[in-house]
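Each chain, written out:
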Amino acid sequence: MKKQMLSAALLVASSTSFAGGHSSCGDVVIGEMNWASGEFLAQLDGFIMTEGYQCNVEYLTAGTMPQITSMTEKGTPDVASELWANAAALAIDAAVEENRLVKLNPAPITGAGEGWMMSAAAAAAHPELKTIDDVIARPDLFPHPEDPTKGGLHNCPSGWGCQLVTDNLFRAFDMEAKGWKLIDTGSGAGLDGSIVKASEREQNWLGYYWAPTTLAGKYNLKLVDYNSGFDQEHWDTCIVKPVEECDNPQRSNWTKSEIVSLAQVDFATRAPQVAEYITKRTFDADLLNKYLTYMDDNQASGEEAAIEFMLNEEAVWSTWVSEDAAKAINKSL
Amino acid sequence: MDWLTEFPELGRRDLRDFRKGIDESFKSFTRTYGEAIESFFDPLLQFLIWLERLLLATPWPLFIIVVAGLGWLASRNIKIVIGSVISLFLIGYLGMWEDTMSTVSIIVVCTMLCIGLGLPIGILMSRSDRAQRIVTPILDVMQTIPSFVYLIPVVMLLGIGKVPGLISVVIYAIPPMIRLTNLGIRLVDKEVLEAADAFGASPWQKLVQVQIPLALPNIFAGVNQTIMMSLAMVVIASMIGVTGLGQPVLKAISNQYLAMGLLNGLAIVALAIIFDRISQSYGERLQKYRGDRGE
């Protein structure tokens, strides 16, 4: 018991000594997403906050849904650098309305997208596959591993929001009748594995994926054109719902991916300079892809890639931060 | 004094090249031999698909009758039969029938593979100290290495789906079968073996008629552990696309659906208990029968 109290006291002492004396930034918890670009962006934010704004940064690693739940219910993490907001648009909007969360940057990554993609080999060998209808007409090109007479569409892993969308669009395009079956990939690792396997062997692959990502960039996955209209209301009330709650799905384009940098209002008012940095921090997908490929080529962590970025791209990041912060960062580099 | 506090590690660049070298050579290996290895496992895949379709196409009352019949034949215990039937009814009534059939198909094949491979390896280990010295560390690795570590190469070689799932389950579930077979045979009394020798038994007769029957309690403990561990692996296996009860569990985890996770988890437990009670009472009956004849 004594030992516990002692360590608790030490903890308090150490955290105050870190936070005290510095600017108003203080302790920050950054929500780090458990995929490559999320890791990179969180580490980059963390680096800039630590070196440029003297924050005391901690990271909390989790997936999208736990992050959002924790941000809205528990008030931590303070910042989520790359949040795919479609998954919980309603919960986020409600929290924004109640003035608990603020969307500091409505588009930290430009040119991002998600949807059904095909492997580079398939796109190169069959240039005639221009739209979704062309693809659906050729189930024989993408044989299902367990039933080669059918075409196989790699679904999103169970529990991800995109699984519901894929299930509903699969029905909307009437793919079952046209000789298709969904392939359950089980997990992010399973989905990735199936892409790597097919791309390394230059096989045809069709399934859900998103960009910018290491795999989409490295293997040049091609997004399929849905060639359909988009009705926001139908999307929100049917396509994103479980199959039982969407009786009559209509063909539709995939919704525009909304990626945001989200922060607690408390934090944004406490550290306005950091908030301003996040507002300005915008990547285009190509630049981000470059560093995701760097991570993959060098098996580097997000932290290493963030430092690499800071070393090489001063022209980019110096427009994001204040002059004082830039000086402090340059000193540390 | 830096060399005392800093561990002399491989330079960053060398380490990176080392890791990349291994990755690249594995990738080129899969590019060259992947198709061949995949077609080697194709019969297994076809068998798995066939079994799953068979179970799914079987009318549910027939399946329950078959399980009850097997239960009765193996155990002659009405309590086990009734318990199995009730839990199957509950599983079906709560909407988990199809997933359960998928899981049963993979677990049946898995258990058969584990017994079919594990028993001979265990016997080999018990007869040769050198074999034991070689196999034991391999079993240690199989049991402790985190499953995702070997799932990555398996997925790159064979893609996602039933076969890689089956392989990962077998890797995890086979060690107790091997260990306990080995242990059981080694624990057979020296005096009994001497007696068998005195009666002029050949090595084969000694093995089949003396050692294995006397090792049965341990062997059946191995079967029990194998079944339990393969059912526990069902959730991990579904992370690489094996259909069945693991998938709703994963879905429940990532969406925090309490009831869904609990129900499917309990269905896995129910299956484990049905499998186990039937096989255990079969084992007990087997030993009783031997015992009666011996007296």
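*Asks:* How would you summarise the overall build of chain B if you had to cite specific residues and measurements?
*Replies:* Helix and strand counts for chain B stand at 13 helices and zero strands. Going from N to C terminus, chain B has its helices and strands arranged as α-α-α-α-α-α-α-α-α-α-α-α-α. Based on the C-alpha atoms only, the size of chain B along its principal axes is roughly 75 × 55 × 45 Å. Counting over 295 residues, chain B shows a buried share of 35%. Counted over contacts in chain B with a minimum sequence separation of 6, partners at least 24 positions apart contribute 76%.

*Asks:* Quick rundown of the overall build of chain A? Include the residues and the values.
*Replies:* Helix and strand counts for chain A stand at 16 helices and 13 strands. Here the C-alpha atoms of chain A give a radius of gyration of 22 Å, agreeing with the 20 Å that 2.2 N^0.38 yields for 333 residues. Its C-alpha atoms give chain A principal-axis dimensions of about 70 × 45 × 40 Å. Counting every position in chain A, which comprises 333 residues, the buried fraction comes to 44%. At a minimum sequence separation of 6, the contacts of chain A that also span at least 24 residues come to 75%.

*Asks:* Tell me about the domain arrangement of chain A, and please be specific about residues and values.
*Replies:* Residue and element names in this part refer to chain A. In terms of domains, chain A is made up of domain 1 (20-111 + 258-332) and domain 2 (113-245). Spacing between the C-alpha centres of domain 1 and domain 2 amounts to 30 Å. Listed per partner, the contact involves 12 residues of domain 1 and seven residues of domain 2. Those elements that provide at least two residues to the side of domain 1 that touches domain 2 are α2 (36-53) and α13 (285-298). It is α13 that contributes the most residues to the side of domain 1 that touches domain 2, seven residues altogether. Class assignment for the residues of the side of domain 1 that touches domain 2 results in seven nonpolar, four polar and one charged.

*Asks:* Which residues make up the confidence of the model for chain B, and what values do they have?
*Replies:* Across chain B, pLDDT averages 88, with 97% of residues at or above 70. Of the two predicted TM-score estimates for the complex, the pTM is 0.74 and the ipTM is 0.74.

*Asks:* Kindly report on the interface of chain A and chain B, identifying the contributing residues and their values.
*Replies:* The interface of chain A with chain B comprises 22 residues on the first partner and 28 residues on the second. The element that contributes the greatest number of residues to the side of chain A that touches chain B is helix α8 (residues 188-200) of chain A, accounting for seven residues. Looking at the side of chain A that touches chain B residue by residue, the classes come out as six nonpolar, 11 polar and five charged.

*Asks:* Got a sec to walk through the nonpolar core? Specific residues and values, please.
*Replies:* The biggest cluster of nonpolar side chains holds 154 residues, and the ones touching the most others in it are Val28 and Phe40 of chain A together with Cys110, Leu166, Val170 and Ala173 of chain B. For this core, the two domains that each supply at least three residues are domain 1 (20-111 + 258-332) and domain 2 (113-245) of chain A. Setting aside residues up to four positions removed in sequence, Leu166 of chain B forms contacts with Leu48, Ile106, Val109 and Cys110 of chain B.

*Asks:* Which residues make up the sheet that holds strand β4 (residues 101-105) of chain A, and what values go with them?
*Replies:* Where strands meet in a sheet, backbone hydrogen bonds hold them as pairs that are either parallel or antiparallel. All names here are of chain A. Reading across from one edge, β2-β1-β3-β12-β4 is the order of the five strands in this open sheet, with mixed pairing throughout. A single partner strand is all that each edge strand has here, and the edge strands are β2 (56-62) and β4. Averaged over all pairs of adjacent strands, the angle between strand axes in this sheet comes to 30 degrees, irrespective of strand direction. By the bridge criterion, four bridges tie β4 to strand β12 (residues 259-264) in an arrangement that is antiparallel. Its bridge partner being in β12, Asn105 is matched across the sheet by Ser261. Taken strand by strand, helix α3 (residues 64-73) contacts β1 (27-33), β2, β3 (79-84), β4 and β12, and its axis lies near 135 degrees from that of β3. Against the sheet, helix α4 (residues 89-97) engages β4 and β12, with an angle of about 105 degrees to β4.

*Asks:* Got a sec to walk through unusual backbone geometry? Specific residues and values, please.
*Replies:* All names here are of chain A. Going from Thr76 to Pro77, the amide bond is cis rather than trans, its omega being 0 degrees. You can see Pro77 is positioned in the loop between α3 and β3. Cis rather than trans, the peptide bond between Ala211 and Pro212 has omega equal to 0 degrees. Position of Pro212 among the secondary structure elements: in the loop between β10 (206-211) and α9 (214-218). For Asn220, which is not glycine, the phi torsion reads 55 degrees and is therefore positive. Summarising the element assignment, Asn220 is placed in the loop between α9 and β11 (222-223). A count of 14 C-beta atoms within 10 Å places Asn220 in the partly exposed class.

*Asks:* Give a description of the packing of helix α3 (residues 42-57) of chain B against helix α6 (residues 97-127) of chain B that names residues and reports values.
*Replies:* Residue and element names in this part refer to chain B. Closest axis-to-axis distance for the α3/α6 pair is 9 Å, and the angle between their directions is 140 degrees. Classified by the angle their axes make, α3 and α6 are oblique. As α3 packs across α6, the resulting crossing turns out to be right-handed. Packed against α3, whose contacting residues are Leu48, Leu51, Glu52, Leu55 and Leu56, the element α6 presents Glu98, Met101, Ser102, Val104, Ser105, Ile106, Val108 and Val109 at the interface.

*Asks:* Please give an account of the pairing of β3 of chain A that cites residues and values.
*Replies:* Residues and elements named next belong to chain A. Of all six residues in β3, six are buried; the element is thus mostly enclosed. Two elements, β1 and β3, share two bridges in a ladder whose sense is parallel. Paired with Gly31 across the strands is Ala80, a residue of β3. Summarising the sheet, β3 and β12 pair through four bridges and their orientation is antiparallel. Its bridge partner being in β12, Trp84 is matched across the sheet by Ile259.

*Asks:* Talk me through the environment of Ser158 of chain A; I want residue IDs and the actual numbers.
*Replies:* Within the element layout of this structure, Ser158 of chain A appears in the loop between β8 (147-154) and α7 (161-172). The spatial distance from the C-alpha of Ser158 of chain A to the C-alpha of Gly188 of chain A is 9.3 Å, given a sequence separation of 30 residues.

*Asks:* Explain helix α4 (residues 60-75) of chain B to me, and be specific about the residues and the numbers.
*Replies:* The α-helix advances 3.6 residues per turn, and as a result positions three or four apart in sequence lie on the same side. Residue and element names in this part refer to chain B. Over its 16 residues, α4 runs 22 Å from end to end, which matches the ideal 22 Å to within 8%, given 1.5 Å per residue. Along α4, the residues classified as buried are Gly71, Ala74 and Ser75. Angularly, the buried residues of α4 cover 80 degrees about the axis, an arc narrow enough to put them on a single face. In α4, the exposed positions angled more than 90 degrees off the buried face are occupied by Pro61, Leu62, Ile65, Val66, Gly69 and Leu73. Trailing α4 by a residue or two, Arg76 shows a phi angle of about 50 degrees, which is positive.

*Asks:* So what's going on with the packing of α2 of chain A against helix α16 (residues 323-332) of chain A? Residues and values would help.
*Replies:* Residue and element names in this part refer to chain A. At a closest axis distance of 7 Å, the pairing of α2 and α16 adopts a crossing angle of 100 degrees. Put simply, α2 runs roughly perpendicular to α16. Residues Ile48, Glu51, Gly52 and Tyr53 of α2 touch α16, and the partners they reach there are Ala325, Ala328, Ile329 and Ser332. The class makeup of the residues in the contact of α2 with α16 is five nonpolar, two polar and one charged.

Reading the values: the criteria
- Residues numbered from 1 in each chain as written.
- Chains lettered and ligands numbered in written order.
- Predicted model: local features only at pLDDT ≥ 70, side-chain atom pairs only at ≥ 80, totals over all residues.
- Helix = DSSP H or I, 4+ residues; strand = E, 2+ residues; numbered from the N terminus.
- Buried ≥ 20, exposed ≤ 12 C-beta atoms within 10 Å, placed from the backbone.
- Contact = placed C-beta atoms within 7 Å.
- Rg over C-alpha atoms; globule rule 2.2 N^0.38 Å.
- Domains from an automatic or database assignment.
- Nonpolar A, V, L, I, M, F, W, Y, C, P; charged D, E, K, R; others polar.
- pLDDT = per-residue confidence, 0-100.
- Core = buried A, V, L, I, M, F, W, Y, C linked by C-beta atoms within 7 Å.
- Pairing = 2+ DSSP bridges.
- Axes fitted to C-alpha atoms, helices over the stretch in contact; angles between N-to-C directions.
- Parallel < 35°, antiparallel > 145°, perpendicular 65-115°, else oblique.
- Left-handed = near helix turned anticlockwise from the far one by under 90°.
- Expected span 1.5 Å × (residues − 1).
- Arc of directions from axis to C-beta.

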